[in-house]
Amino acid sequence: MTTVDVGMPSVRDRTDDVSDRPEVPELVDRFGRIARDLRVSLTEKCSLRCTYCMPAEGLPEIPREKLLTTSEIVRLVGIATEHLGVHEVRFTGGEPLMRRDLEDIIAGCARQTPGLPMALTTNAVGLAHRAGKLADAGLTRVNISLDTLDRDHFARLTRRDRLDSVLAGIRAASSAGFTRIKVNAVLMPETLAGAPDLLAWCLDEGAELRFIEQMPLDADHTWARSQMVPAEALLEVLGRRFSLTETEREDPSAPAERWLVDGGPASVGIIASVTRSFCADCDRTRLTAEGTVRSCLFSDRETDLRAALRGGASDDELAALWRGAMWNKWAGHGMDAADFAPPQRSMGAIGG
Ligand code: SAM
Ligand code: SF4
């Protein structure tokens, strides 16, 4: 197996040995998990610079020749769905709307695997002009990242004054026919007090709000456990304005815990990646914009599919490489270990 080591050595690094892997087509790992949810990062570029994700100057540019092309992405997604048992694909980044060929990528995947659920995670800047085209191309779901409705907080957090464009994007997605739009919010101490307003707004718009605990995946490496907003603190703040009733998860591999708001049917989710890790149920596999498979957000050990693909590998050979990459997936992110070191790639360079 060809691997690319982009990070520093860690006790969580495992061998590349796949000799004990069972002969099954799916993306199984040593801990019995099966990855069925593919996240494809399309670019490192972004229209915002969220402090918990990107450096102020943006990520170093990926040379054009290293970026997967439209047809390469469509082919790899096809291998995942047709050979590896992947059920759902999500396009992310960086900001996927920064790719002009996003509609072509989606249309290509839809033609190749009719009925494939395809979702987009986006900051929605500029989505207002493209929501209809994306729906026509075959996109099935949209998740939009929005942390606050306070314009000053938004501008400080994202280092860009683009709140109006995001709100227009959310409304355009709804007008284009996307239903069950999810809004993802990463809370920071300064935006915690605004969380109830954000929830009230999402309830009015018919969007499902999910709060995500901030993970140590910022490019500036300033994350500190003492500074992050844990789920408990958020529940306390939301509970002062809404009555919250915890509900069963619809799907055990779904990371969000859900609470009915004021008796339902509307709900709010919390993805407590740090304080209530769900690694044991993780069903994700990731493809970076440069075409490497990443088995875990926190593992810098990557398997290069782009080189194999451009070297003439068959679909079966690429599928075998992908299976090997996932077999050695770590048990968990290891954030609680004394020797924890954040990965070299930040969230925007992996694809959240
Ligand atoms: N640009 C798109 C967006 O913001 O939705 C897609 C890429 S972004 C990396 C995907 C998701 O990761 C966003 O919902 C964002 O809030 C989340 N994210 C970024 N950095 C994070 C961090 N350090 N901890 C937790 N979530 C993070
Ligand atoms: Fe860009 Fe998304 Fe990262 Fe914000 S979270 S900087 S919008 S990639």
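This text follows the structure it describes.
These numbers were taken from a predicted model, which means no experiment stands behind them. (Residues numbered from 1 in each chain as written. Chains lettered and ligands numbered in written order. Predicted model: local features only at pLDDT ≥ 70, side-chain atom pairs only at ≥ 80, totals over all residues. Heavy atoms only, no water.)

Draft legend 1. Quick peek at the pattern of salt bridges. On inspection of all chains with the given rule, the structure shows 23 salt bridges. Two residues, D315 and R75, come together in a salt bridge whose shortest N-O distance is 2.8 Å. You can see D315 sitting in helix α9 (residues 315-327) and its partner R75 sitting in helix α1 (residues 70-83), a full 240 residues away along the chain. Judged by relative accessible area, D315 falls into the partly exposed class, the value being 31%. Relative accessible area serves as the criterion here: at 27%, R75 is assigned to the partly exposed category. A salt bridge links R130 to E103; its shortest N-O distance comes to 2.8 Å. With R130 in the loop between β6 (118-122) and α3 (131-137) and E103 in helix α2 (residues 102-112), this residue pair connects regions lying 27 residues apart in the sequence. (Salt bridge = Lys/Arg side-chain N within 4 Å of Asp/Glu carboxyl O. Helix = DSSP H or I, 4+ residues; strand = E, 2+ residues; numbered from the N terminus. Buried < 20%, exposed > 50% of the residue type's maximum accessible area, 1.4 Å probe, protein only.)

Draft legend 2. How the structure looks around the side chain of T81. Mapped onto the secondary structure, T81 falls in helix α1. A polar side-chain atom of T81 sits 3.2 Å from the main-chain carbonyl oxygen of G78. If sequence neighbours within four positions are ignored, T81 has contacts with V86, V89, T113 and L116. (Polar contact = N/O pair within 3.5 Å; in protein donor to acceptor, adjacent residues only side chain to side chain. Contact = heavy atoms within 4.5 Å.)

Draft legend 3. View of the site of ligand 1. Near ligand 1 there are 19 residues, and of these Y52, G94, E95, S145 and M215 occur at the shortest range. Between a nitrogen atom of ligand 1 and a main-chain N or O atom of G94, the distance comes to 3.0 Å. T122 places a polar main-chain atom, nitrogen or oxygen, 3.3 Å from an oxygen atom of ligand 1. Isolated, ligand 1 exposes 540 Å² of accessible area, and the fraction of that covered by the protein chains is 95%. Looking at the shell around ligand 1, the elements with two or more residues in it are β6 and β8 (182-186). (Near = heavy atom within 4 Å. Areas by Shrake-Rupley, 256 points an atom, 1.4 Å probe, with all protein chains shown as cover.)

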